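Reading the structure
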Amino acid sequence: MKAFRLFAFLVAAWPVFAHAALNVFACEPEWGALATELGGDAVKVYTATTAFQDPHHIEARPSLIAQMRRADLAVCTGAELEIGWLPVLLRQAGNAAIQPGQPGYFEAARQVALLEKPAVLDRAQGDIHAAGNPHIQTDPRNIARVAQALGARLAEIDPAHAAAYKTRLADFNTRWNTAMARWQAQAAPLKGMPIAVQHEGFPYLENWLGLKQVAVLEPKPGVAPSLGHLAEIVAQLKTTPAKLVIRAAYQDPRPSEWLAEHAGIPAVAMPFTVGGSDRARDLFGLFDDSVAQLLKVAR
Amino acid sequence: MLRPALLAAALAAACPAHADDADLAALRAEVQKMKTDYETRIQTLEARLARAEASAATHAAPPAAPVQDTASAAPSNPGAFNPEISLILQGGYAHLKDLPARRITGFLPDGAAPGTSRGFSVDDSELVLASNIDPYFRGYFNATLNDGTVGVEEAWFQTLALGQGLTVKGGRFRSGIGYQNEQHPHAWDFATNNLMYEALFGEGYGNDGLQLRWVAPTDLFTELGAEIGRGANFPGTDRNTNGIGNYALYGHIGGDVGDSHSWRGGVSYLSTRAAERSSTLTDFAGTDVTTAFTGNSKTWLADFVWKWAPRGNTTINNFKFAAEAFRREESGSLDCTGGMCGASLGTYQATQYGGYAQGVYQFMPRWRAGYRYDLLDPGSQDFGLNNANLPRSDYKPTRHSLMVDYSPSEFSRWRLQYTKDKAAEGQDENQWYVQYIFSLGTHGAHSF
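Side note on the overall build of chain A
The number of helices and strands found in chain A is eleven helices and eight strands. Relative to its 299 residues, chain A shows a buried fraction of 55%. As displayed, chain A offers around 12,000 Å² of accessible surface, 57% of which is attributable to carbon and sulfur atoms.

Pasting the structure below:
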């Protein structure tokens, strides 16, 4: 009965906890950063994961359920990236506003054309995603597209601040287009540069900069490479050399470092998302650093 | 600019030579008017164009909306509305002593069939169908299949759109009490159940009824739950009555400590009734006697889970600690038939305790090792008149389990386990298990 009394108290006290700012639950740091750019003071952003966590494998922790409970808008990548944990949060939070199909549920991957859509769906192919490769945030043009849709969504669910969202979006667009022009100019020498990747996490970056992916360390997506497999790649790189091997900040450094040592090429940890390196403090820093990391090797 | 001039020239040319001066002057005036009209209109257009160009330059044009791109996001697939289907295959090999019965000394058994078979065997295969029914409900069905038996483990609906942190679940479901209770055997960290759940519920407490859950709008995860139901399962029995057969209350809190640590703890209470709950005990003479308990059964549970992963990245190393404890109070009458009892009616009063603690460490990707310690305390047991016939023991059942498992992917797991089982007094047993768990179909999301 004590539990009932506590229950009644908490229900009665609920308006006290309510916040004026729009609560945004961002599944990944890049969307948290984007929501902050577009929402400013009108939003309160909670980012569920960090750049050092594998977004495929997150525990559906109590803290995440508590945050999802209060969210007015959930911003996630979608395309099955969060399939192992997001559904649990959505079901256990008891929050009607952020259920799929509601305006409060936003999937970034729906705003862009996905690459690497598998022709055959078979788990023997590893951890593949039926909708295509979900790591869309490594191409700034995708960020621009998602920004348009997210800006519109913020205005839709928080009409009181619609004008402010519109202004912030226009401002972001201006700054982003300038920055993109700068990155593209800086990255001109990277066109056609052959690279090896640890996980199939960079097709959008390669597509944007014209990088040529010549090897993948993981034999199947999500399957860690064995030493034998790495040795095969070293042999393969002798005929089709790569300038460097890249991995995301959250990934086990050992496979790419082993390869780097044996193939004589540098191994580079890309920030992959906001917070993945000291310089990648926001979305602009993310691409400043990504381009700089690659240029360091190209020279 | 040219056009009005040309027009004027053409008009002038077309004018008959004999037109008088007045007509000519009127015509000239008209042409002049047309010319100025056109010029002002063109100037206005030029000005508008210039303004538009200027605003386009200051306002960087947003990238075109990817109309064709989005269209590709949702492929039309007639099977897309089918429920999520998954099948769990479990089985393995067990090296056990040939014992007539496995009992837990000092505890009234649940009367369920004994655990794993000796040698090779398949465990129950679990078939799960789940789907959102409409924007308001989700449905879930879990059946266990084995030779000649199909069990409906769970079959429930759950609300999606109540909001305010509220969720209602109805049908047959695993109760939200404790920590391990909601987990099916394939999600356990060991090949066998812990002694606490075995003594309390057989496997886990399921019920036909209704559950109301509320998550508080606070940073600290706070959930409160209340359940009512039929109460047909052990430690209760089906009593063929209207009304509410049992109820349960629980509360959990949880949160993170930095990026690397997360925890959840809680307290639960289950109150149910039993009528003629039958179990087999051994009397002072060593003969099996049948007992039937009628009365109240009240259980308190406390649970705590703590997980660690460096910077929250579970892929390389992670550690999980879980512990639960209980206090159960049963009071009522106990019939005893056979052996020394003959047919005697006594009372029954027992307050008993127990718990387990376990740690599982992923020492390298795909590989985990774990240890679990189980301890039960029979506490105080009073059979009333039957104290003369039925032995009461101070023996504390224990169990030590060590396991190593290897998961080639998220969908497959192999496990080797050694258990030192001292659940029954004077019956030390070394048990070995090799187990496989395969999950086919939809990628299931697991709770904390």
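Let's talk about the side chain of B:S407
Residue and element names in this part refer to chain B. Along the chain, the position of S407 falls in strand β15 (residues 398-409). Under the relative-accessibility criterion, S407 is labelled buried at 11%. Within the structure, the side chain of S407 is placed 2.9 Å from the side chain of R413, a separation counted as a polar contact. If we ignore the near neighbours within four places in the chain, the residues touching S407 are R366, S412 and R413.

Side note on the pairing of strand β16 (residues 412-422) of chain B
Residue and element names in this part refer to chain B. Taken together, the ten bridges between β15 and β16 define a ladder with antiparallel strand orientation. Looking at the pairing, H400 lines up with K420 of β16. Hairpin geometry of β15 and β16 is characterised by an intervening segment of two residues between the two adjacent antiparallel strands. Here β16 runs beside strand β17 (residues 429-441); their pairing, made up of ten bridges, is antiparallel. For W414, the partnering residue across the bridge sits in β17 and is Y436. In sequence, β16 turns back onto β17 through a hairpin of six residues, with G426 there showing a positive phi of about 70 degrees.

Observations regarding the sheet that holds strand β4 (residues 105-107) of chain A
Residue and element names in this part refer to chain A. Strand order in this open sheet of four strands is β2-β1-β3-β4, and the pairing throughout is parallel. Both outer strands of the open sheet, β2 (43-47) and β4, are each paired with one neighbouring strand and no more. Here the average twist between neighbouring strands, direction ignored, is 20 degrees. Note: strand β3 (residues 73-76) against β4, three bridges, orientation parallel. Paired with A74 across the bridge in β4 is Y105. Contacting β1 (22-26), β2 and β3, helix α3 (residues 29-39) runs over the sheet at an angle of about 170 degrees to β2.

With respect to helix α4 (residues 62-70) of chain A
A large share of α4(A) lies buried, amounting to nine of its nine residues. Within the span of α4(A), buried status applies to A:P62, A:S63, A:L64, A:I65, A:A66, A:Q67, A:M68, A:R69 and A:R70.

Regarding a nonpolar patch on the surface
Together, B:I133, B:Y136, B:F137, B:F157, B:L210, B:I228, B:I244 and B:Y247 make up a nonpolar patch on the protein surface, roughly 750 Å² of accessible area in all. Taking the relative accessible area as the measure of exposure, B:I133 reaches 53% and is therefore exposed.

A short note on helix α11 (residues 283-298) of chain A
All names here are of chain A. Compared with the 22 Å implied by 1.5 Å per residue over 16 residues, the 23 Å span of α11 between its first and last C-alpha is a close match. Buried residues dominate α11, accounting for twelve of its 16 residues. Among the residues of α11, L283, F284, G285, L286, F287, D289, S290, V291, Q293, L294, L295 and V297 are the ones counted as buried. Two or three places before F284, at the start of α11, stands the capping residue D282, its side-chain oxygen 3.2 Å from that residue's backbone nitrogen.

With respect to the state of the cysteines
Residue and element names in this part refer to chain B. According to the stated counting rule, one finds two disulfides over all chains in the structure shown. The side chain of C336 participates in a disulfide bridge whose partner is C341; the two sulfur atoms lie 1.9 Å from each other. One quick way to see it: the torsion about the S-S bond of C336 and C341 is about 70 degrees, and its sign makes the bridge right-handed. In terms of burial, C336 and C341 fall into one category: buried.

About the thresholds
Residues numbered from 1 in each chain as written. Chains lettered and ligands numbered in written order. Predicted model: local features only at pLDDT ≥ 70, side-chain atom pairs only at ≥ 80, totals over all residues. Heavy atoms only, no water. Helix = DSSP H or I, 4+ residues; strand = E, 2+ residues; numbered from the N terminus. Buried < 20%, exposed > 50% of the residue type's maximum accessible area, 1.4 Å probe, protein only. Areas by Shrake-Rupley, 256 points an atom, 1.4 Å probe, with all protein chains shown as cover. Polar contact = N/O pair within 3.5 Å; in protein donor to acceptor, adjacent residues only side chain to side chain. Contact = heavy atoms within 4.5 Å. Pairing = 2+ DSSP bridges. Axes fitted to C-alpha atoms, helices over the stretch in contact; angles between N-to-C directions. Patch = residues over 30% accessible without salt bridge, like charges linked within 9 Å, V, L, I, M, F, W, Y side chains within 5 Å. Salt bridge = Lys/Arg side-chain N within 4 Å of Asp/Glu carboxyl O. Expected span 1.5 Å × (residues − 1). Disulfide = S-S within 2.5 Å.

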